[in-house]
Amino acid sequence: MGSRAAGHLEPVRAATGPGRATFLELFFDLAYVFALTRISARAFEDLTSGPGRENGWAAFTGGGKTLLLLLALWSIWQGTTWTTSRYDPYRLALQSVVLTALVSGMVMGVAIPQAFSQTALMFAVAYVVAQLSRPVVLSMALGPRPYRWLKVRMAVVFAVTGVLWITGALLATDAQVLLWTAALVIEYAAARFGWPVPGLGRSTISKWEVAGEHLAERYQQFFLVALGETLLVAGLAYSKAPYKAGQAWAFSLALATSILLWRVYVQRAGQVLAEAVMKARRPASIGRSAADTHLVMVVGLAATAIGYELIIEHPLDRIPGAWLATVLGGPALFLAGRARFEYEVFGRVSRARWIAILVLVAAAVPLLHLPGLAATAVAALVLGAVAVADARRAHGAPPEAAAPPS
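Residues numbered from 1 in each chain as written. Predicted model: local features only at pLDDT ≥ 70, side-chain atom pairs only at ≥ 80, totals over all residues. Heavy atoms only, no water.

A. Representation of the environment of Ile319 within the structure. Residue placement: Ile319 occurs in the loop between helix H11 (283-313) and helix H12 (321-346). Owing to a relative accessible area of 4%, Ile319 belongs among the buried residues under this scheme. Put simply, Ile319 and Ala375 are 56 residues apart on the chain and 9.1 Å apart in space, counted from C-alpha to C-alpha. Residues within four places of Ile319 in sequence aside, it is in contact with Ile311, Leu324, Val327, Leu368, Leu370, Gly372 and Ala375. (Helix = DSSP H or I, 4+ residues; strand = E, 2+ residues; numbered from the N terminus. Buried < 20%, exposed > 50% of the residue type's maximum accessible area, 1.4 Å probe, protein only. Contact = heavy atoms within 4.5 Å.)

Listed below in structure tokens is the structure:
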């Protein structure tokens, strides 16, 4: 793996240049391809198994629990990515952190289908190991430096929330959900406010050293992982025999929608995110904001993938409200995240994105009375209109430079 000799770990990557994602980092991402397919499979099961689940409270609670698992996966990926964007990724300490996160991500992916029953402890232990081992290893590798205290505070937070994760896994489902939700709220809030710990202080996020270009590239790569998962779900759903009327159209529309999602993302903010991070006065702050934005878009992609599977299996059926929420809500959530992404990069938001979201919301009521294939077609047409609007705005003009508001 090309690891370098021992010695105290320095924020080399942030200080010496951006660097590209290493082979190990890309290998790490492959675990998330698998984990995201398990997220989609679990959500599909929540929406289709048992009478009335597609319309009732069970569909809502099932979706909430699946979102909880997705947020846990994202927390590990983001923490690992910020680490490799701050420190030399060829050091043995960094490689051990990434490999631990990779193995934990795979174990969590295996546990996802039954994460609130038989495999709850498997999921919780894998999560705690990934989150707690990272600051512990880094605090030892950093030596007596100011950066070390950030890792110590992170370790304290994850040790406290780790108790909630493990305890929750041993309790009934309702208590488990409550404790796991509390743990995630504490962790996300701690990350937002600089990992404050009584007696140890907190960090100022805007002063964190990061390799902005590397961080931007990693967010783009995770977006591609999530987008690739939509193609994988569509392909797996369509390959199931026997074929039924309308499935070919549903599969074609799914492919078209994924292509349009890619196009809307890259035109043009997705291409110049790294430039925006480098131009910002506080790169770490815009990096943190971009993390939230990409999380919203990834959740939208996950919902869209679930919609693919539902419509490919039931293309000509009138679909219930919970199903329609994935078919239209997924693209709408993606567009909402993409609108904020545009603001982060250019300091403005195109009207086409908000108009498209309103159209998707307004179309929900009439589409309840039409085949599910119609809803997929509407989502594709709306995304296509946004892509055309973006292309028209850019036509004949020089490439727009990043202008982050910060």
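B. Representation of helix H14 (residues 372-394). Its 23 residues place the ends of H14 34 Å apart at the C-alpha level, agreeing with the 33 Å of an ideal helix rising 1.5 Å per residue. What H14 keeps buried is the set Gly372, Leu373, Ala375, Thr376, Ala379, Ala380, Val382, Leu383, Gly384, Val386, Ala387 and Asp390. In this fold, the buried residues of H14 make contact with helix H9 (247-266), H11, H12 and helix H13 (351-367). Where H14 terminates, the next one or two residues include Gly396, which has phi positive at roughly 75 degrees. (Expected span 1.5 Å × (residues − 1).)

C. Representation of the nonpolar core in the model. By size, the foremost hydrophobic cluster in this structure holds 106 residues, and its most contacted members are Phe123, Trp165, Trp180 and Phe334. Counting residues per element, this core draws most heavily on H11, which supplies 15 residues. Other than its neighbours up to four places away in sequence, Phe123 contacts Leu69, Ala72, Met108, Ala111, Ile112, Ala115, Trp165 and Trp180. Among the nonpolar cores identified, the runner-up in size contains eight residues, and Leu150, Val157, Ala190 and Val197 belong to it. (Core = buried A, V, L, I, M, F, W, Y, C linked by side-chain atoms within 4.5 Å.)

D. Spotlight on the packing of aromatic side chains. In this structure the tally under the stated criterion is 18 aromatic pairs. The interplanar angle of 50 degrees and the centroid separation of 5.5 Å between the aromatic rings of Phe116 and Trp180 together place this pair among those described as tilted. Of the two residues, Phe116 is situated in the loop between helix H4 (92-111) and helix H5 (120-142) and Trp180 in helix H7 (residues 173-192); the sequence distance between them amounts to 64 residues. The class of Phe116 is buried, set by a relative accessible area of 7%. Aromatic side chains Tyr265 and Phe341 sit 5.4 Å apart centroid to centroid with 20 degrees between the ring planes, which places their arrangement in the stacked category. Remark: Phe341 occurs in helix H12 and Tyr265 occurs in helix H9; sequence separation between them is 76 residues. Each member of the pair Tyr265 and Phe341 is classed as buried. Pairwise contacts between aromatic rings join Phe28, Tyr32, Trp74, Trp77, Tyr219 and Phe222 into one cluster. Taking NZ or CZ as reference, Lys65 lies 5.4 Å from the ring centre of Phe116, over its face. (Phe/Tyr/Trp six-rings, centres within 6.5 Å; stacked < 30°, edge-to-face > 60°. Lys NZ or Arg CZ within 6 Å of the ring centre and 35° of its normal.)

E. Highlighting the packing of helix H6 (residues 147-169) against H7. Contact geometry of H6 with H7 gives a least axis separation of 8 Å together with a crossing angle of 165 degrees. Compared by their axis directions, H6 and H7 come out roughly antiparallel. At the point where H6 passes H7, the crossing takes the left-handed sense. Every residue of H7 that contacts H6 at Val157, Phe158, Thr161, Leu164, Trp165, Thr167, Gly168 and Ala169 is listed here: Gln176, Leu179, Trp180, Ala182, Ala183, Leu184, Ile186, Glu187 and Ala190. (Axes fitted to C-alpha atoms, helices over the stretch in contact; angles between N-to-C directions. Parallel < 35°, antiparallel > 145°, perpendicular 65-115°, else oblique. Left-handed = near helix turned anticlockwise from the far one by under 90°.)

F. Local environment of the environment of Ser117. Relative to the helices and strands, Ser117 is located in the loop between H4 and H5. The exposure class of Ser117 is partly exposed, given its relative accessible area of 39%. A distance of 2.5 Å separates a polar atom in the side chain of Ser117 from a polar atom in the side chain of Gln118. (Polar contact = N/O pair within 3.5 Å; in protein donor to acceptor, adjacent residues only side chain to side chain.)

G. Fine view of the side chain of Glu313. Looking at where Glu313 falls in the secondary structure, it is placed in helix H11. The buried category is assigned to Glu313, whose relative accessible area is 18%. Ignoring anything within four residues of it in the chain, the contact list for Glu313 reads Phe44, Lys240, Lys244 and Gln247.

H. Quick look at the pattern of salt bridges. Summed over the entire model, instances satisfying the criterion amount to 16 salt bridges. Two residues, Glu342 and Arg348, come together in a salt bridge whose shortest N-O distance is 1.9 Å. Residue Glu342 is classed as buried on the basis of its relative accessible area, which comes to 1%. Given the relative accessible area of 24%, Arg348 is considered partly exposed. The partner of Arg353 in a salt bridge is Asp390, and the shortest N-O contact between them spans 3.1 Å. Remark: Asp390 occurs in helix H14 and Arg353 occurs in helix H13; sequence separation between them is 37 residues. (Salt bridge = Lys/Arg side-chain N within 4 Å of Asp/Glu carboxyl O.)

I. Inspection of the side chain of Thr81 at higher detail. Turning to its location among the elements, Thr81 is positioned in helix H3 (residues 57-86). When sequence neighbours within four positions are dropped, the list of residues in contact with Thr81 reads His214, Leu215 and Arg218.

J. View of a nonpolar patch on the surface. Judged by side-chain polarity, Leu121, Val125, Val129, Leu170 and Leu171 come together as a nonpolar surface patch covering roughly 420 Å² of accessible area. Along the polypeptide, Val129 turns up in helix H5. Taking relative accessible area as the criterion, Val129 reaches 41% and is therefore assigned partly exposed. (Patch = residues over 30% accessible without salt bridge, like charges linked within 9 Å, V, L, I, M, F, W, Y side chains within 5 Å. Areas by Shrake-Rupley, 256 points an atom, 1.4 Å probe, with all protein chains shown as cover.)

K. Region of interest: the packing of H12 against H13. For the pair H12 and H13, interaxial distance at closest approach is 9 Å and the crossing angle is 170 degrees. Of the possible angle classes, the one that applies to H12 and H13 is roughly antiparallel. Between H12 and H13, the residues in contact are Leu324, Leu328, Pro331, Ala332, Leu335, Ala336, Arg338, Ala339 and Glu342 and Arg353, Trp354, Ala356, Ile357, Leu360, Ala363, Ala364 and Leu367, respectively. Its residues placed into classes, the contact of H12 with H13 shows 14 nonpolar, no polar and three charged. (Nonpolar A, V, L, I, M, F, W, Y, C, P; charged D, E, K, R; others polar.)

So yeah, pure geometry; function would need other evidence.
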